[in-house]
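# Fold and contact review
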Amino acid sequence: MEELQPLYVSLASEVDDPQVTVISSQCMNCHEMGTTRLLMTRIPHLKEVILTSFECEHCGERNTGCQMGRWQEKGVRYQLQVRDERDLSRQVVKSGEATVCIPEVELEIPPNKEKGEVTTVEGILRRTMEGLNQDQSARRLEDPDTALRIENFIDEIERLLTPGQHFTIIIDDPTGNSFLENPKAPKEDPQLKRTVYKRTKEQNEILGIADEEEEDVEESTEINRTPEGEEEESELSLTEETTSEAKDDPENLKDDPENIKDEVLVFSTLCDRCSRPASTNMKVTKIPHFKEVIIMATSCEGCGNRSNEVKSGGGVEKLGRRITLKVKESYDLARDVLKSETCELSIPELDLVVGGGLIGGKFTTLEGLLKDIKEDLESNPFLTGDSSSKENQDVVENLVYDLHDVIKGKRGVTFIMDDPAGNNYVQNLYAPDDDPQLTIEEYERTYEQNEELGLNDMKTENYEEEAAVIAPPQAS
């Protein structure tokens, strides 16, 4: 049986055939037929992308493009305070659906106006100036006033490129596929703020993403009518009755929803690597002295890819939780660890800070978590690739070496897990007594943390009373 190759081939993969698709397309410059090459590939930490390259042998026109192969579960927003020339050289991956803003000059580049590209902060500004200056010669003859205003605006943008100019650049991408480089990685960058957010209903509609949950609700609450005009109960009501009868019947106790914790649920999904149909197993399990979590494991028969993910089964806690563990002996590395998607990891001795969304939610051991961080650093092209500076490469190499010593038990460190959602966990070896190496602190979340979790606009109590106050009075 012929082995199936993934649709998206990893960069620098060992596959001999890069699977480049060549098609004929019309040149927009001379209107003759040129050649377009398509490569569907995977960039680490950026998911799947489609690289395009066009060349016209008649007039010599050439251009390249970058399109995202799929959208992420959440949107992303980057805000960078530009202070010097090095900030202008930061690498940027901008999808076509991203909005770029510079408040100081009132510049806003709306989505879908430019193709996705891999560039720098300076490259974005220069491309913007080129676009504004494109039709200036004709505009000076037809509308001199507008041409003058555009020239003044171009001068304002060009001044941002001079040394010593301070400004803010914001990249807001609802698809979650954009990226702005942190040259101080894996340390925190005080000039760069990254926010992950849940897309609004309007953003989903613009992206053409169907809201499956709403569709399910509409289908389940649909009312059928008989020819006589009588209303029939929906499928949801019939299902509830069947479930109620099953509870009363001892022979049908296996259908009781309470027993779902003892079952493994299987549902269809798409493989993250090859985008072919795959199956995901989901199981609800209880962590001793903690809470219930949902473990999901995906296996693809097409390319052999396997992955797992952990999500909290209890939602967001009332308080955030910060856990500090003093790693002294090798057995500390065998402690069970739960890391949610919102949990930030740090090791002060190594100046290491890992953001919440970098390696996702995991239920593993401390050793396994450190190995994931180490592999993530080694495979990140923006830290160790050809585009990375020699200084950054040296920093990452030293950090990887230090992590190797920690994983081998040769070095003691302080391991800190800070989760504003309160869904982090480190095994207490002395449970139910206190662990002298483990400190757990609960704290009130800040307004910014609640905003990132989407809690500021969420009201779960007395919402009916508030709605009655807002609603206008009915005319008698």
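My aim in this report is to walk through the structure given alongside it, one point at a time. (Residues numbered from 1 in each chain as written. Predicted model: local features only at pLDDT ≥ 70, side-chain atom pairs only at ≥ 80, totals over all residues. Heavy atoms only, no water.)

### So, the sheet that holds strand β22 (residues 344–347)
The sheet built from five strands is open, its strands ordered β23-β22-β25-β20-β27 with antiparallel pairing. Each edge of the open sheet carries a strand with a single partner, namely β23 (352–354) and β27 (438–443). Pairwise comparison of adjacent strand axes, ignoring direction, gives a mean angle of 15 degrees for this sheet. Inspection of the sheet shows β22 paired to β23 by three bridges, in the antiparallel sense. When the bridges of β23 are listed, serine 346 appears paired with valine 353. (Pairing = 2+ DSSP bridges. Helix = DSSP H or I, 4+ residues; strand = E, 2+ residues; numbered from the N terminus. Axes fitted to C-alpha atoms, helices over the stretch in contact; angles between N-to-C directions.)

### Observations regarding the sheet that holds strand β24 (residues 362–365)
Strand order in this open sheet of three strands is β24-β21-β26, and the pairing throughout is antiparallel. The sheet is open, and its two borders are formed by β24 and β26 (425–426), each paired with just one other strand. In terms of strand pairing, strand β21 (residues 336–339) meets β26 through two bridges, oriented antiparallel. Of the residues in β26, the one forming a bridge with leucine 338 is tyrosine 425. Across the sheet, helix α8 (residues 366–379) is in contact with β21 and β24; its angle to β24 comes to roughly 115 degrees. (Contact = heavy atoms within 4.5 Å.)

### Looking at the environment of threonine 21
Along the chain, threonine 21 falls in strand β2 (residues 20–26). Given the relative accessible area of 39%, threonine 21 is considered partly exposed. Spatially, the C-alpha atoms of threonine 21 and methionine 40 are 8.8 Å apart, while their sequence positions differ by 19 residues. Filtering out sequence-adjacent residues up to four positions away, threonine 21 remains in contact with Thr36, Arg37 and Leu38. (Buried < 20%, exposed > 50% of the residue type's maximum accessible area, 1.4 Å probe, protein only.)

### Structural notes on the packing of helix α2 (residues 121–132) against helix α4 (residues 144–159)
Contact pair α2 / α4: the axes reach a minimum separation of 10 Å and the direction vectors enclose 170 degrees. For the element pair α2 / α4, the angle class is roughly antiparallel. Pair α2 / α4 crosses with left-handed handedness. Across the interface between the two elements, Leu125, Thr128, Met129 and Leu132 of α2 pack against Ile150, Phe153, Ile154, Ile157 and Glu158 of α4. Classifying every residue of the contact of α2 with α4 by side-chain character gives seven nonpolar, one polar and one charged. (Parallel < 35°, antiparallel > 145°, perpendicular 65-115°, else oblique. Left-handed = near helix turned anticlockwise from the far one by under 90°. Nonpolar A, V, L, I, M, F, W, Y, C, P; charged D, E, K, R; others polar.)

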